[in-house]
Amino acid sequence: MARQEILGLAPIPGGTIAMRDARSATTRDVVLRPFSLGRTQLTRAEWSAVMDDAGTSPSLPRLPMHPLTWFDAIEWCNAASGMAGFSPAYAVDGREVHWDVGADGYRLPTESEWEWAARAGTTAPVYGPLADIAWTAADAVTGPQLVAGKLANDFGLFDMIGNVWEWCWDYADTARYGDYRSLRGAGWDDPHWSARASVRRGSAPDALLEDVGFRVARGAVGVTGTLSAQGWSADADKERASIKGPRPVGWTPLRGF
């Protein structure tokens with residue numbers, strides 16, 4: 001089957017980004033390979049083109065597709081990869097999802113990829129005046145807005161801040177939040193202090209949240225069978241979940257590694 005891109009993706013150059021861990025108060029440098037990323041959050045039309053068997057046209061096709069669970073995003077990525085002739089990025093077994101870092105199919109970005117792309121070479125909390133680049137609480141809107149309604153960053157990406165939060169591949173914190181996955185970017189009802197490139201949030205992978213959508217990445221970034229890529233590592237997830245000594249109240253370490 002011939003491979004054919006079905007989304008408008010922007011080429012993201014490789015580079016090095018400093019990723020900060022607020023809980024441990026540490027910073028690590030992550031070296032990233034080039035990859036591709038959606039110029040906008042996935043829209044209703046793009047979702048429907050892959051998942052709607054009836055072929056009906058969605059209302060407001062340029063609205064971000066929301067609400068969506070993390071598992072919904074994984075399902076769309078694999079279905080879209082099959083449609084386009086790419087290798088699916090994910091092997092799914094119930095609630096367990098394994099990423100083939102050597103696959104060329106559609107996938108969720110890692111947090112490091114997401115933040116690198118959001119910053120687009122900048123080091124400030126945002127890549128431009130918030131009013132010009134993001135839909136936030138300051139706009140007093142009652143829901144997500146059509147994509148690309150404000151200015152793009154220097155990588156040609158729209159709404160990296162604001163509009164809807166975006167699912168990423170990574171666990172939020174395997175020691176504290178179990179299987180929660182990470183969210184980035186802030187939403188239409190978030191105040192300015194939450195609308196920054198470094199802010200992260202987490203939620204259960206099966207949670208359906210009104211202010212959550214996703215943005216699609218694509219590109220092989222490692223060798224099949226390798227359990228690390230682009231700032232993510234299965235070993236690091238396992239090590240973080242291994243709590244020694246008394247467990248802090250409310251912490252639910254992820255089991256089953």
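Residues numbered from 1 in each chain as written. Predicted model: local features only at pLDDT ≥ 70, side-chain atom pairs only at ≥ 80, totals over all residues. Heavy atoms only, no water.

Here we look at the overall build of the protein chain
- Within the protein chain, the regular secondary structure consists of 5 helices and 14 strands.
- On C-alpha atoms alone, the protein chain measures out to a radius of gyration of 18 Å, which is about the 18 Å that the 2.2 N^0.38 rule sets for 257 residues.
- Principal-axis analysis of the C-alpha atoms places the extent of the protein chain at approximately 55 × 45 × 35 Å.
- Taken over 257 residues, the protein chain has a buried fraction of 50%.
- Carbon and sulfur atoms provide 53% of the accessible area of the protein chain, an area that totals close to 11,800 Å².
- Each charge class in the protein chain was averaged separately, 25 positive and 31 negative side chains, and the resulting centres sit 6 Å apart. (Helix = DSSP H or I, 4+ residues; strand = E, 2+ residues; numbered from the N terminus. Rg over C-alpha atoms; globule rule 2.2 N^0.38 Å. Buried < 20%, exposed > 50% of the residue type's maximum accessible area, 1.4 Å probe, protein only. Areas by Shrake-Rupley, 256 points an atom, 1.4 Å probe, with all protein chains shown as cover. Lys, Arg positive; Asp, Glu negative; His and termini not counted. Charge placed at Lys NZ, Arg CZ, Asp CG, Glu CD.)

Looking at the sheet that holds strand E4 (residues 35-38)
- The strand order across the open sheet formed by 4 strands is E1-E4-E12-E7, and the pairing between neighbours is antiparallel. Unpaired on one side and paired on the other, strand E1 (9-12) and strand E7 (106-107) mark the two borders of the sheet.
- As paired elements, E4 and strand E12 (residues 217-218) share 2 bridges and run antiparallel to each other. Paired with Leu 37 across the strands is Ala 217, a residue of E12.
- Across the face of the sheet, helix H3 (residues 111-119) comes into contact with E1, E4 and E7 while running at roughly 70° to E4. (Pairing = 2+ DSSP bridges. Contact = heavy atoms within 4.5 Å. Axes fitted to C-alpha atoms, helices over the stretch in contact; angles between N-to-C directions.)

Quick word on the sheet that holds strand E11 (residues 212-214)
- In space, the 4 strands of this open sheet follow the order E10-E9-E8-E11, with mixed pairing throughout. If you trace the sheet from one side to the other, it starts and ends with strand E10 (200-203) and E11, each paired once. Geometrically, the sheet is characterised by an average inter-axis angle of 50° between neighbouring strands, direction not taken into account.
- Where strand E8 (residues 165-171) and strand E9 (residues 181-184) come together, 3 bridges link them in antiparallel fashion.

Thoughts on the layout of surface pockets
- Quantified by volume, the largest pocket comes out at close to 1,000 Å³.
- In terms of lining residues, the largest pocket is bounded by 39 residues, among which Arg 20, Asp 21, Arg 28, Glu 111 and Arg 200 are the most central.
- Mapped by element, the contributors of at least two residues to the lining of the largest pocket are strand E2 (15-21), strand E3 (26-32), H3, E8, E10, strand E14 (232-233) and helix H5 (234-241).
- Classifying every residue of the lining of the largest pocket by side-chain character gives 11 nonpolar, 12 polar and 16 charged.
- Per-class residue counts for the lining of the second largest pocket are 13 nonpolar, 5 polar and 10 charged. (1 Å grid on protein atoms, 1.4 Å probe; cavity = no way out; pocket = protein on both sides within 12 Å on 5 of 7 lines; lining within 4 Å. Points joined across faces, edges and corners; volume = space filled by probe spheres on them. Nonpolar A, V, L, I, M, F, W, Y, C, P; charged D, E, K, R; others polar.)

Description of the pattern of salt bridges
- Scanning the model with the defined rule gives 13 salt bridges in all.
- The shortest N-O distance in the salt bridge between Asp 206 and Arg 95 comes to 3.0 Å. Of this pair, Asp 206 sits in the loop between E10 and E11 while Arg 95 sits in the loop between strand E5 (90-93) and strand E6 (96-99), and the two are 111 residues apart along the sequence.
- Judged by relative accessible area, Asp 206 falls into the partly exposed class, the value being 44%.
- You can call Arg 95 partly exposed: its relative accessible area is 46%.
- The residue Asp 139 makes a salt bridge to Lys 150 at a minimum N-O spacing of 3.0 Å. Of this pair, Asp 139 sits in the loop between helix H4 (130-133) and E8 while Lys 150 is found in the loop between H4 and E8, placing the two residues 11 residues apart along the sequence.
- Note on Asp 139: relative accessible area 28%, which makes it partly exposed.
- Given the relative accessible area of 12%, Lys 150 is considered buried. (Salt bridge = Lys/Arg side-chain N within 4 Å of Asp/Glu carboxyl O.)

Remarks on the side chain of Ser 194
- Relative to the helices and strands, Ser 194 is located in the loop between E9 and E10.
- A residue is classified by how much of its surface remains accessible, and Ser 194, at 16% relative accessible area, is buried.
- Beyond its immediate stretch of four places on either side in the chain, Ser 194 contacts Trp 165, Ala 186 and Val 199.

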